[in-house]
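Coordinates in review
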Amino acid sequence: MSKYIVETFYTCSFKVKHYLENIDQKELNSLEKRDDGDFEIIDVKIDKRQTKSLDKKSPLKNEPKFSDIKIDNNKSDSEVKNLSQNTKFVKNVDEAINKRYGMPDRRKGYIQKATIGDHKVYLHTGEYEDGKIGEIFIDTSKEGELVKALMNNFAIAISLGLQYGVPLDEFVSAYVDTKFEPSGKVYGNDRILSATSILDYIFRELAISYLNREDLAHTPSIGKSDNINENENNSFEENNQLIKIVKDMTSKGFVRNDYKRKLVDLSDIRINLKGKK
């Protein structure tokens, strides 16, 4: 049986991003009613914490009572309603802290093979339904059992961090430019020509594929070399329903947002399916 109750008051700052096709007054007025925005928590602070004893026989000394909280009766009904909504929101934020978002049983991803020096490295990725990376696997050749075990468990640690909400940017900042052997020229990757270590290569590859970090690539993007009618191409991709469906089905890391060059549209091709008589 619980003897005490503790209430903690939080202040949370957050932002919501909405993507609109058109900007007009009607859309802006109904913006707060939409539930399809991208939600991001910026900061969560603890304002104060109060404790109350549930055992009437042995109350706490110098105990701050909840009944001592003063309520401003001059607040309007809208402010009271907003306060109630904020209380529910803080509760949901508190429940979401330290929550792991597991990977789906059937998931998208890709495999990249590369050679650094005389060592072959196979990078496997797993993605959520929205295309965000959620796990990695690292296989190497010509390594002892100890090194293979360490690389496998390192990949598990990175995967757990991604599933608990650690941004991929943090891992990229931590491991890019790390130096140890094997290092040198990279063969088998069209965007990375050299690496100072296996970890440098792996997180350069992930940053290019999932974060569009072109500054970490050694070769220019093929998709960005064609600047002719760029606005027309962008409008085509936005309006083409087939491209939107393909984006939901295809691995984001595999195509690297270069859908038009790596995918073939067969919607205009007619196939004769009549059997022979």
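Everything numeric here is computed off the predicted structure, so don't read it as measured data. (Residues numbered from 1 in each chain as written. Predicted model: local features only at pLDDT ≥ 70, side-chain atom pairs only at ≥ 80, totals over all residues. Heavy atoms only, no water.)

1. Digging into the environment of Met-249
Checked against the element boundaries, Met-249 lands in helix 8 (residues 241–249). Residue class for Met-249 comes out exposed when judged on its relative accessible area of 61%. C-alpha separation for the pair Met-249 and Lys-108, spaced 141 residues apart in sequence, amounts to 8.0 Å. (Helix = DSSP H or I, 4+ residues; strand = E, 2+ residues; numbered from the N terminus. Buried < 20%, exposed > 50% of the residue type's maximum accessible area, 1.4 Å probe, protein only.)

2. Topic: the sheet that holds strand 4 (residues 119–127)
What the 5 strands build is an open sheet, ordered 5-4-3-6-7; its pairing is antiparallel. Two strands close off the open sheet at either side, each with one partner strand: strand 5 (133–140) and strand 7 (194–195). Against the sheet, helix 5 (residues 198–211) touches strand 3 (111–116), strand 4, strand 5, strand 6 (184–187) and strand 7, its axis set at about 35 degrees to strand 4. (Pairing = 2+ DSSP bridges. Contact = heavy atoms within 4.5 Å. Axes fitted to C-alpha atoms, helices over the stretch in contact; angles between N-to-C directions.)

3. Some points on the packing of helix 3 (residues 145–163) against helix 5
Geometry of a packed helix pair, given as the angle between the helix axes and the separation of the axes. Between helix 3 and helix 5, the shortest axis-to-axis distance is 13 Å and the interhelical angle comes to 35 degrees. By crossing handedness, the relation of helix 3 to helix 5 is classed as right-handed. Together, Met-151, Phe-154 and Ile-158 of helix 3 and Ile-198, Leu-199 and Phe-203 of helix 5 make up the contact between the two elements. Taken together, the residues that form the contact of helix 3 with helix 5 break down as 6 nonpolar, no polar and no charged. (Left-handed = near helix turned anticlockwise from the far one by under 90°. Nonpolar A, V, L, I, M, F, W, Y, C, P; charged D, E, K, R; others polar.)

4. Some details on unusual backbone geometry
The general pattern is negative phi for most residues beyond glycine and trans for most peptide bonds. Cis geometry marks the peptide bond from Glu-181 to Pro-182, where omega comes out at 0 degrees. Along the polypeptide, Pro-182 turns up in the loop between helix 4 (168–175) and strand 6. At Asp-177, a position not held by glycine, the phi torsion is positive, near 75 degrees. Tracing the chain through its elements places Asp-177 in the loop between helix 4 and strand 6.

5. Comments concerning the pairing of strand 5
For strand 5, the tally of buried residues reaches 6 of 8 residues, placing the bulk of the element in the interior. Note: strand 4 against strand 5, 7 bridges, orientation antiparallel. Directly across from Leu-123, in strand 5, lies its bridge partner Ile-138. Taking the residues between adjacent antiparallel strands as the criterion, strand 4 and strand 5 are bridged by 5 residues, where Gly-131 takes a positive phi near 95 degrees.

6. Examining helix 4
Helical geometry note: an α-helix holds 3.6 residues per turn, so side chains three or four residues apart project in the same direction. Of all the positions in helix 4, only Leu-168, Phe-171 and Val-172 are classed as buried. Seen from one end, helix 4 has its buried residues packed into an arc of 100 degrees, which puts them on one side. For helix 4, the exposed residues set more than 90 degrees away from the buried face come down to Glu-170 and Ser-173. Taken together, the buried residues of helix 4 touch strand 5, helix 3 and helix 5. Once helix 4 ends, the next one or two residues include Asp-177, with phi positive near 75 degrees. (Arc of directions from axis to C-beta.)

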